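# Geometric and topological summary
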Amino acid sequence: MPSVYEKYDETCKTYDNARRAMDESGLRRAIEQTAKSLGKSLKELRVLDAGCGTGNYLDAISDLPCQFTGFDGSSGMINWVAPGFSCVFTTLSTPSDRLLAAAKAKLSKFEHINVAVEDLTDIKYEDNSFDFIMTTQVLHHLQAPNKSDETKEPEDWSIFEKVMSEFGRLLGPGGSYWCQTSTPEQQMNGFWWSSLVPRAVRIVGVKFPTLERLTKTLELNGFTHFESYMPPEPLMAKELYLDIKGPFNQAFRNCDSSWRAVSADELKSCHEQLQKIIDEGKVGDFFEQREAVRAKVGQTTTFIAHKPAA
């Protein structure tokens, strides 16, 4: 299913400007460890990128000879990655030839990848089809807002639970689930603009499952042996992330979900606060303070769960 609040068919046009593969070294390490524990070569390892977006992660690890599959619920995102590969469009429409040409130029080296538009709550693959499943900044797109107050935690987590159930069904014995996500606190406090758009980051932050919820839900679906850690780098490329004028630019705002929740009044207030910081020559002090917060709480968390061996 497509994101319930992010218009990725639009944001895919600028998404690659600043977003990159987060914790790539950790992902590679997890893939290699899973292959080793299963007694398989990398060529034999079946890897699913669920919610693959524009293919940033698949692009980053395309040198690995695994049997890669990428799913996304946005036709705009999928068509950004898919041309030239074995593609199956099961839902939604095909975007412009310009996007198709850009995608082909970006990822034409992927000869060992199948990419498809799929509803993650009802994936048309048999049980135990994969050895390794990965999601990257996907889980907060599975919840609809709280009906009475969107700044409060969603009442309904059924879609998230269904997706985790699908992962439990699809992942074979001894397989691994690698999840790059954020905690609610990281989303609400870990970005330098968090203090400037507090309502928006809370609206998005409450949609991220806590690590406790994630663990308990996966346990119900046969997962064990959980681990997590906090990568030190920001979600966006740092040279672009630390741009005090970035929020004035729509392309910059397209690169993080929190900006989609910013109202016109909150955006105006944000711009006024930023302009004051710039005019008073306090940009350095502002970034020093906000980066200290990021170093403490982080922006993302890598979470790994395993299925018991047969």
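This part is about the overall build of the chain. Looking only at helices and strands, the chain has 13 helices and eight strands in total. Counting all 310 residues of the chain, 55% fall into the buried class. Taking all contacts inside the chain whose residues are at least 6 apart in sequence as the whole, residues at least 24 apart take part in 79%.

Right, let's talk about the packing of helix H6 (residues 158-170) against helix H9 (residues 211-219) for a bit. At a closest axis distance of 9 Å, the pairing of H6 and H9 adopts a crossing angle of 50 degrees. Relative to H9, the element H6 lies oblique. You can see that H6 and H9 cross each other, and the crossing is right-handed. The residues of H9 that touch H6, namely those facing Phe160, Glu161 and Met164, are Arg213, Leu214, Thr217 and Leu218. By residue class, the composition of the contact of H6 with H9 is four nonpolar, one polar and two charged.

Among the structural elements, Gln273 can be located in helix H12 (residues 264-279). A sequence separation of 77 residues divides Gln273 from Leu196, and the C-alpha atoms of the two residues are 7.3 Å apart.

The subject of this paragraph is the confidence of the model for the chain. Averaged over all residues, the pLDDT of the chain equals 83, while 79% of them reach at least 70. Across residues 1-15 the pLDDT falls below 50, and counting only partners more than four positions away or on other chains, this stretch makes 51 contacts in the model. Confidence drops under pLDDT 50 across residues 74-105; counting only partners more than four residues distant or on other chains, this segment forms 80 contacts.

This brings us to unusual backbone geometry. Positive phi, normally seen in glycine, also occurs at Asp23, with a value near 55 degrees. Among the structural elements, Asp23 can be located in the loop between helix H1 (8-15) and helix H2 (24-38). Of note in the backbone geometry, Asn128 takes a positive phi value of approximately 60 degrees without being a glycine. Among the structural elements, Asn128 can be located in the loop between strand E4 (113-117) and strand E5 (130-136).

Moving on: the nonpolar core. One finds Phe132, Trp192 and Trp193 to be the most contacted residues of the largest nonpolar core, which totals 44 residues. Looking at this core, the elements with two or more residues in it are H2, helix H3 (56-60), E5, helix H8 (198-205), H12 and helix H13 (283-297). Leaving out residues up to four positions away in the same chain, Trp192 has contacts with Tyr241, Leu242, Asp243, Ile244, Pro247, Phe252, Leu274, Phe286, Phe287 and Arg290. Core analysis: the second largest hydrophobic core is formed by 24 residues, Ala50, Ile123, Ile133 and Trp157 among them.

With that settled, consider the pattern of salt bridges. Summed over the entire model, instances satisfying the criterion amount to twelve salt bridges. Here Arg213 ties to Glu153 by a salt bridge, and the two come within 2.8 Å at their closest N and O atoms. Here Glu153 lies in the loop between E5 and H6 and Arg213 lies in helix H9, a separation of 60 residues in the sequence. Note that Lys282 is salt-bridged to Glu280, the shortest N-O span being 3.3 Å. Taken together, the shared-partner salt bridges connect Glu24, Arg28 and Asp63 into one network.

As a further point, take the packing of aromatic side chains. Considering all chains together, one arrives at 14 aromatic pairs under this definition. Ring centres 5.5 Å apart and planes at 35 degrees place the aromatic pair Tyr125 and Phe130 in the tilted group. For Tyr125, a relative accessible area of 28% corresponds to the partly exposed category. A residue is classified by how much of its surface remains accessible, and Phe130, at 3% relative accessible area, is buried. The structure contains a cluster of three or more aromatic residues connected by ring pairs, namely Phe191, Trp192, Trp193, Tyr241, Phe252, Trp259, Phe286 and Phe287. Its end group placed over the ring of Trp157, Arg213 keeps NZ or CZ at 4.1 Å from the ring centre. Lys307 extends its terminal NZ or CZ atom over the ring of Phe223, reaching a point 5.7 Å from the ring centre.

For H13, which comprises 15 residues, the first-to-last C-alpha distance of 21 Å matches the rise-based estimate of 21 Å (1.5 Å per residue) to within 8%. All of the buried residues along H13 are Phe286, Phe287, Arg290, Glu291, Arg294 and Val297. In a view along the axis of H13, the buried residues occupy a sector of 130 degrees, so they form one face of it. Residues of H13 that are exposed and angled more than 90 degrees away from the buried face: Gly284, Asp285, Glu288, Gln289, Ala295 and Lys296. Against helix H7 (184-189), helix H10 (238-241) and H12 lie the buried residues of H13.

To continue, consider the pairing of strand E1 (residues 46-50). Most of E1 is tucked away: four of the five residues are buried. Note that E1 and strand E2 (residues 67-72) share five bridges and pair parallel. Counterpart to Arg46 in the pairing with E2 is Gln67. Relative to E5, E1 runs parallel, the two being bridged by three bridges. Residue Asp49 lies in a different strand from E5, and its bridge partner there is Met134.

Calculation rules
All chains use their own residue numbering, which begins from 1 and follows the written sequence. Only residues with pLDDT of at least 70 are given local features in this predicted model, and only at 80 or more are side-chain atom pairs given and counted; all residues enter the totals for whole chains, interfaces and linings. To get the side-chain values, take all heavy atoms of the structure and skip hydrogens and water. Only DSSP runs of H or I covering at least 4 residues are called helices, and only runs of E covering at least 2 are called strands; the numbering of each starts at the N terminus. Burial classes: relative accessible area under 20% of the type maximum marks a residue as buried, over 50% as exposed, and values in between as partly exposed (1.4 Å probe, protein chains only). Whether two residues are in contact is decided by their heavy atoms: any pair within 4.5 Å suffices. Axis definition: a line fit to C-alpha positions, over the contact stretch in the case of helices; interaxial angles, taken between N-to-C directions, run 0 to 180 degrees. Note on angle classes: values under 35 degrees are labelled roughly parallel, values over 145 roughly antiparallel, values of 65 to 115 roughly perpendicular, and the remainder oblique. Take the far helix as your reference; a near helix turned counterclockwise from it by less than a right angle gives a left-handed crossing, and one turned clockwise gives a right-handed crossing. Classes in brief: Ala, Val, Leu, Ile, Met, Phe, Trp, Tyr, Cys and Pro nonpolar; Asp, Glu, Lys and Arg charged; the others, Gly included, polar. Confidence of the prediction at every residue is given by pLDDT, a number between 0 and 100. To qualify as a nonpolar core, a set must consist of buried Ala, Val, Leu, Ile, Met, Phe, Trp, Tyr and Cys residues joined through side-chain atoms within 4.5 Å. By definition, a salt bridge exists where a carboxyl oxygen of Asp or Glu is found within 4 Å of a side-chain nitrogen of Lys or Arg. When two rings of Phe, Tyr or Trp (its six-membered ring) have centres within 6.5 Å they constitute a pair, described as stacked for plane angles under 30 degrees, edge-to-face for angles over 60, and tilted for the intermediate range. Charges are assigned to positions over rings by a cutoff of 6 Å between ring centre and Lys NZ or Arg CZ, combined with an angular limit of 35 degrees from the ring normal. By this rule, a helix spans an expected 1.5 Å times one less than how many residues it contains. The directions from the helix axis to the C-beta atoms are what the arc is built from. Should DSSP find at least two bridges between two strands, the strands are regarded as paired.

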